[in-house]
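Reading the structure
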Amino acid sequence: MPDGTTCLCLYTAQHTDRDFRKGDTVILAVVKYDYERSLIYGRILSKW
């Protein structure tokens, strides 16, 4: 992410690692945000 936040996400059943490249824009559901470590935990719902 541009502000240095790291996003750790799982994929939905329709996606695999091969579907994504660095810099892709995605829609994700945020499950948790760790303010101290600047980490977003979520699930990728769709690739834009």
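Residues numbered from 1 in each chain as written. Predicted model: local features only at pLDDT ≥ 70, side-chain atom pairs only at ≥ 80, totals over all residues. Heavy atoms only, no water.

1. Re the packing of aromatic side chains
Tallied over the full model, the rule gives two aromatic pairs. Note on Tyr 11 and Phe 20: the rings are 5.1 Å apart at their centroids and 5 degrees apart in plane angle, and the pair reads as stacked. Overall, Phe 20 belongs to the buried group, its relative accessible area being 12%. Between the aromatic rings of Tyr 33 and Tyr 35, the centroid separation amounts to 4.5 Å while the plane-to-plane angle is 75 degrees, which identifies the pairing as edge-to-face. (Phe/Tyr/Trp six-rings, centres within 6.5 Å; stacked < 30°, edge-to-face > 60°. Buried < 20%, exposed > 50% of the residue type's maximum accessible area, 1.4 Å probe, protein only.)

2. Description of unusual backbone geometry
With phi around 55 degrees, Ser 38 is a residue other than glycine that occupies positive phi space. One can find Ser 38 in the loop between β2 (26-34) and β3 (39-47). Residue Ser 38 is classed as partly exposed on the basis of its relative accessible area, which comes to 28%. (Helix = DSSP H or I, 4+ residues; strand = E, 2+ residues; numbered from the N terminus.)

3. What about the pairing of β3?
Two elements, strand β1 (residues 6-11) and β3, share six bridges in a ladder whose sense is parallel. For Thr 6, the partnering residue across the bridge sits in β3 and is Leu 39. Where β2 meets β3, eight bridges bridge the pair, whose relative direction is antiparallel. Bridge pairing links Lys 32 to Tyr 41 in β3. Two successive antiparallel strands, β2 and β3, enclose a turn made up of four residues, where Ser 38 displays a positive phi of approximately 55 degrees. (Pairing = 2+ DSSP bridges.)

4. Observations concerning the confidence of the model for the protein
In the predicted model, the protein carries a mean pLDDT of 89, and the fraction of residues at 70 or more is 98%. The secondary structure element of the protein with the lowest average pLDDT is β1, at 89, and the one with the highest is β2, at 93. (pLDDT = per-residue confidence, 0-100.)

5. Section: the environment of Ile 40
Within the element layout of this structure, Ile 40 appears in strand β3. For Ile 40, a relative accessible area of 12% gives the class buried. Each C-alpha atom, one on Ile 40 and one on Thr 6, is 6.2 Å from the other, the two residues being 34 residues apart in sequence. Ignoring any residue separated from it by four or fewer positions in sequence, one finds Ile 40 in contact with Met 1, Thr 5, Thr 6, Cys 7, Leu 8, Leu 28, Val 30, Lys 32 and Tyr 33. (Contact = heavy atoms within 4.5 Å.)

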